[in-house]
Amino acid sequence: NGVNFNNYFGRIYQARYLSGIAAGLKTESNKIGYVAAQNKENSEVTGGLNAFAIGVQSVNPDAKVYVKVTNSWYDPAGETNAAKALISEGCDVIGQHCDTPNPQLEAQSAGVWGIGYNSDMSAFAPKSHLCAPVWNWGPYYKEVVDAVRAGTFKPEAVWFGMEHGIVDLSPMSDMVPADVQKAVLAKKEAITAGQAKIFVGPIKDQAGKERVPAGQTADDGALLGMDYFVQGVIGTTE
């Protein structure tokens, strides 16, 4: 009957946006690679990639984000090959929405920069890892347990962000210049305080079709149904 069921997730796209700022200010080739786990039909992956690209473009309008899709949440070989392909195309920062550190290992091996996912991956690639969008479910679990104990638990769908502490950006490497770190942290503070939104129009897709009009902000329904890549992203679902 649903009385003890909760659907919960986090706005990891917020942290991806911040990592995009770091990538956009770090790249020298203006080509940034991104290893994606799923194609455009998966709004979690697509929304995260788009937020990353918007972060890149907010500080470096000349930079492009090149995407390779593995179509698997866990494919070590596929993730490695995707990273290699992106590096061969001239990408000097490799981001990812996939589960292994293999893209970071390839970035370090090739002497380029990397942005990980899920956890701080600097232990795997200390010479290249800049930062990573990370998860911390502890605050939410404590909130739910406290509510159950107090008898105030309500079954509901929640989608929390940085203000709840469940999504964040890992500590940035010393390879990220101090002024860049300052810019990223200032934007993080604004997002956490609810003073800055990410998907603010005008936003167009790869074909030039307007998806978010100027002056408007995409609502949660639009984000949860996002099935297109924004302008500045190079690649499809292949």
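Residues numbered from 1 in each chain as written. Predicted model: local features only at pLDDT ≥ 70, side-chain atom pairs only at ≥ 80, totals over all residues. Heavy atoms only, no water.

Before going further, it helps to examine helix H2 (residues 43–59). Taking 1.5 Å of rise per residue, 17 residues should cover 24 Å, and H2 covers 24 Å from first to last C-alpha, within 8% of that figure. Burial runs high along H2: 13 of the 17 residues are buried. (Helix = DSSP H or I, 4+ residues; strand = E, 2+ residues; numbered from the N terminus. Expected span 1.5 Å × (residues − 1). Buried < 20%, exposed > 50% of the residue type's maximum accessible area, 1.4 Å probe, protein only.)

Turning next to the environment of Gly-116. One can find Gly-116 in the loop between strand S5 (113–115) and strand S6 (129–131). Note: C-alpha distance between Gly-116 and Gly-208 (92 residues apart in sequence) is 30 Å. Once you skip the residues sitting within four places of it in the chain, Gly-116 turns out to touch Gln-96, Gln-104, Met-121, His-129, Cys-131, Ala-132 and Pro-133. (Contact = heavy atoms within 4.5 Å.)

Judged by nonpolar contacts, the single largest core of 55 residues is most densely connected at Tyr-17, Leu-18, Phe-52, Val-67, Val-184, Ile-198 and Phe-199. Breaking this core down by element, the ones donating at least two residues are helix H1 (12–26), strand S2 (31–36), H2, strand S3 (64–69), S6, strand S8 (157–160), strand S9 (167–169) and helix H6 (178–192). With 8 residues, the single largest contributor to this core is H1. Once you skip the residues sitting within four places of it in the chain, Tyr-17 turns out to touch Ala-51, Phe-52, Ile-54, Gly-55, Ser-58, Lys-187, Ile-191 and Ile-198. In this structure, Cys-91, Ile-94, Ala-107 and Val-112 belong to the second largest nonpolar core, which totals 11 residues. (Core = buried A, V, L, I, M, F, W, Y, C linked by side-chain atoms within 4.5 Å.)

A few words on the packing of H1 against H6. At a closest axis distance of 10 Å, the pairing of H1 and H6 adopts a crossing angle of 160°. Taken together, the axes of H1 and H6 are roughly antiparallel relative to one another. Both H1 and H6 take part in a crossing whose hand is right-handed. Within the contact between the two elements, H1 uses Gln-14, Tyr-17, Leu-18, Ile-21, Ala-22 and Leu-25 and H6 uses Val-180, Val-184, Lys-187, Lys-188 and Ile-191. Each residue belonging to the contact of H1 with H6 can be placed in one class, and the counts come to 8 nonpolar, 1 polar and 2 charged. (Axes fitted to C-alpha atoms, helices over the stretch in contact; angles between N-to-C directions. Parallel < 35°, antiparallel > 145°, perpendicular 65-115°, else oblique. Left-handed = near helix turned anticlockwise from the far one by under 90°. Nonpolar A, V, L, I, M, F, W, Y, C, P; charged D, E, K, R; others polar.)

What follows concerns the packing of aromatic side chains. Enumeration over the complete set of coordinates arrives at 11 aromatic pairs. Taken together, the ring pairs in this structure connect Tyr-8, Phe-9, Trp-135, Trp-137, Tyr-140, Tyr-141 and Phe-160 into an aromatic cluster. The ring of Trp-159 carries the charged tip of Arg-11 above its face, separated from the ring centre by 4.1 Å. Residue placement shows Lys-26 over the ring face of Trp-113; its charged tip is 4.1 Å from the ring centre. (Phe/Tyr/Trp six-rings, centres within 6.5 Å; stacked < 30°, edge-to-face > 60°. Lys NZ or Arg CZ within 6 Å of the ring centre and 35° of its normal.)

Turning our attention to the state of the cysteines. Applying the stated criterion across every chain yields a total of 0 disulfides. Looking at Cys-98, it has no disulfide partner, and the nearest cysteine sulfur is the one in Cys-91, 14 Å off. By relative accessible area, Cys-98 is classed as buried at 0%. (Disulfide = S-S within 2.5 Å.)

Here 6 strands make up an open sheet; going across it, the order is S6-S5-S4-S2-S3-S12 and the pairing parallel. Each edge of the sheet is formed by a strand with only one pairing partner; in this case those strands are S6 and strand S12 (233–234). Of the strand pairs in this sheet, S3 and S12 are connected by 2 bridges, and their pairing is parallel. When the bridges of S12 are listed, Val-65 appears paired with Val-233. Packed on one face of the sheet, H2 meets S2, S3, strand S4 (93–97), S5 and S12 and runs near 165° to S2. (Pairing = 2+ DSSP bridges.)

On to the side chain of Glu-106, then. Position of Glu-106 among the secondary structure elements: in helix H4 (residues 102–110). In this structure, Glu-106 is buried with no salt-bridge partner, the nearest side chain bearing the opposite charge being Lys-84 at 4.5 Å. Apart from the residues within four sequence positions on either side, Glu-106 is in contact with Thr-80, Ala-83, Lys-84 and Ile-87. (Lys, Arg positive; Asp, Glu negative; His and termini not counted. Salt bridge = Lys/Arg side-chain N within 4 Å of Asp/Glu carboxyl O.)

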